[in-house]
Amino acid sequence: MKRIALTVALGLITSAQAQKVQTPIPIGVALAQTSNTALLGQEQVIGARLAEKFINARGGINGTPIKLIFQDAAGDENSAINAFQNLITKSAVVGIVGPTLSQQAFAADPIAERAKVPVLGPSNTAKGIPQIGNFIARVSAPVAVVAPNAVKQALKLDSKIKKVAVLYAQNDAFSTSETGTFQETAKAQGLDVVTVQKFQTTDTDFTTQVTSVLNSDADLVIISGLAADGGNLVKQLRQLGYKGLIIGGNGLNTSNIFPVCQKYCDGVIIAQAYSPAQASAANQLFVKEYRAQYKKDPPQFAAQAYAGVQVMTDALRAIDRRKKLSQWDLDDLRVELNRQILAGKYNTPLGELRFDKEGEILQKEFYVAQIKMKDAKNGSFVYLK
Amino acid sequence: MEVSQIIQNLLNGLAIGSVYAIFALGYTLVFSILGIINFAHGAVFTLGAYFTYTLVVGQFENNGLLKGINLFPNGSPLSGNPWVFALATLIGAVLAGLVAVLIERLAFRPMRARGADPLLALVSSLGVALVIVNLIQLLVGAEIYNFPSDAYGQVQPALSFHVGERVVIIRTVQVIIFAVSLVMLAVLGYVIGRTKVGKALRAVAENPGTASLLGISVDRFILITFFLSGFLGGLAGTLVGTAFGVAGPYFGVTYGLKGLAVIVLGGLGSIPGAVVGGLVIGLAEAFVPSQYSAYKDAVAFALLFVILLVRPQGLLGRAQIQKV
């Protein structure tokens, strides 16, 4: 009996080791297609799909097409973990682009790390993401790099700003990380942080927080949250009479907040890691495709997801030139893909990208935009110099 | 805390508390008649908001089966000014009431007919709630839908006055929520207390068997109760939705739990208790120190726990007398 069990076990191990790479090449995409995070996730799904279409239309990986396998990572940790597990074991993907939130990345990335599957975070901007493991990298510039630009720009627009109110979603790892950066930046700029208010990403009624902000006489408000709660907070701040400048963090960096705060979005300042105006050929192609399909400029989240798929494909193409992907064992290819991702240089819609040895993105260009609303639902990000 | 801040918090608390009250009244009505909690009430609350949204906007742009549908390419006839919006709200609430009637027919009546344990009806209502929430997600996606910002007209803020050097401001929508809630409470109080229907409802609540012997159609009045309950729940959903946006299919879950807290706090089955409970929880949330306001839900339930320790029957509930 023991001998049979041993034979079966050895057989299973051998067959697992012998698993070859499928064609078309499966790349996992674990993003928020549902939940209140879907406001961001849907943009990322669009970006990833555009990348798949664009790459396959141009011959895929040296003639072999790629196939994106989507799993809904929703907005919570459990869904992200399930999505990662399904992609790694059932779909046998070579690498994963996702998840949407940093909070989810801290829970799901270790699963990929243990399975030695490379992960590219398309919007995980909290401190410590690349440090989760050797197989974890990101195409989203950390908040510590992007956020200070917004504060400096606000001071340029209104040099009289002295008092700052800071609000953040305390149940979201990214927002708590981002608010730390914002508060440090504000203090470094000589501003007085007069009140720090917390809320939850699921909250809808912010009157308590807004009342405190109004009583603090703040002349700048900085919000770290997600699109739904952040947009609602902006709306209630304006409706209850706040007239000063508002800075939104990365979670508010999406055109999906326009229908949430509607005309009250007008004037909100947002630091961004992407601009449709970025001049590279890769970006201009992406913008053209996006505009043709959606009749508006692509948002940052779409561009970053596009860049994630593109980086993975470019790295696979480099490997394929040395040895055809179909001849690799899946486990070996995953390790090699991770090495190649970190070694390469990529021309993406975000501009030229590289990674440091930990998987942190090295990006050259950043932007600050101000929201201008055309009507109750439609607006645009106007880039400030 | 400054006087202006106290007044501002008081007004904010009254506005949100009044909507808690009308939402919780829906729970209370069903509990008074059947002695069970209808866990689908939160889902009906969500539906009310979606129904009104459909009547007023009629566009589903997000990720669901109805994606791309635009019911009113030339603009909704139920949009454009506050009075027409009020009509849409009313129709939305009526539709929510009809859904509640359907829930009674499908989930409660079969159980009652078989003399099932009330606990089974409770689980059945929980199942209905999950089905509704998932259906909404399937049809219109998980994203937020927003009413037009001028749904209540352009007068914003509605009310502002000075207290010392500070200005206290109340949003239009807060005033409307408060006013509509007061009107609804008055109408319901009149219907229950002064009309034949109200008397019959009270008789069914007191003893369905005796009411039946008196010629009252118990099943019909149970349906009326569910309709009123759904109407109130749906109306509350639209009021909250216009104030803060319809925050996805799970929009009603938190309100459902809070509604439970309200009726337990006020006293199970007590209509004035639901009103007092709603206002107490609304005010308690508004007065949570702002640095802890992210924990206001926990504060509401902690308050409930403390009050129940002192007064287990709730603020206005009657103590149960056990006859031996």
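Read on for a plain summary of the structure. These figures come from a predicted structure and were not determined experimentally.

Notes on the interface of chain B and chain A
Reasoning step 1: Contacts between chain B and chain A engage 40 residues on the former and 35 residues on the latter.
Reasoning step 2: Approximately 3,100 Å² of surface area, both sides summed, lies buried where chain B meets chain A, with 44% of it carried by carbon and sulfur atoms.
Reasoning step 3: Interface area lost by chain B to chain A is led by Arg171, Phe244 and Ala294 of chain B, which between them contribute 18%.
Reasoning step 4: At the boundary of chain B with chain A, the tally comes to one salt bridge.
Reasoning step 5: Taking the shortest distance from any N to any O, the salt bridge between arginine 166 of chain B and aspartate 217 of chain A comes out at 2.9 Å.
Reasoning step 6: Joining chain B to chain A, the criterion identifies eleven residue pairs in polar contact (both at pLDDT 80 or more).

Some remarks on the state of the cysteines
Residues and elements named next belong to chain A.
Reasoning step 1: Using the criterion set out here, one finds one disulfide over all chains in the structure.
Reasoning step 2: Here cysteine 261 pairs with cysteine 265 through a disulfide, and the sulfurs are 2.1 Å apart. Because the torsion about its S-S bond is 105°, the bridge between cysteine 261 and cysteine 265 counts as right-handed.
Reasoning step 3: Given a relative accessible area of 0%, cysteine 261 falls into the buried group.

Re the nonpolar core
Reasoning step 1: In terms of nonpolar packing, the biggest core is built from 82 residues, with Val19, Ile22, Ile103 and Tyr255 of chain B touching the most fellow members.
Reasoning step 2: Counting residues per element, this core draws most heavily on helix H8 (residues 218-244) of chain B, which supplies 13 residues.
Reasoning step 3: Setting aside residues no more than four positions away along its own chain, isoleucine 103 of chain B makes contact with Ala40, Val44, Phe108, Val128 and Ile132 of chain B.
Reasoning step 4: Core analysis: the second largest hydrophobic core is formed by 70 residues, Val21, Leu191, Ile222 and Ala307 of chain A among them.

What counts and what doesn't
- Residues numbered from 1 in each chain as written.
- Chains lettered and ligands numbered in written order.
- Predicted model: local features only at pLDDT ≥ 70, side-chain atom pairs only at ≥ 80, totals over all residues.
- Heavy atoms only, no water.
- Contact = heavy atoms within 4.5 Å.
- Buried area = accessible area lost by both parts, 1.4 Å probe.
- Salt bridge = Lys/Arg side-chain N within 4 Å of Asp/Glu carboxyl O.
- Polar contact = N/O pair within 3.5 Å; in protein donor to acceptor, adjacent residues only side chain to side chain.
- Disulfide = S-S within 2.5 Å.
- Buried < 20%, exposed > 50% of the residue type's maximum accessible area, 1.4 Å probe, protein only.
- Core = buried A, V, L, I, M, F, W, Y, C linked by side-chain atoms within 4.5 Å.
- Helix = DSSP H or I, 4+ residues; strand = E, 2+ residues; numbered from the N terminus.

By themselves, these observations are geometric and do not establish any function.
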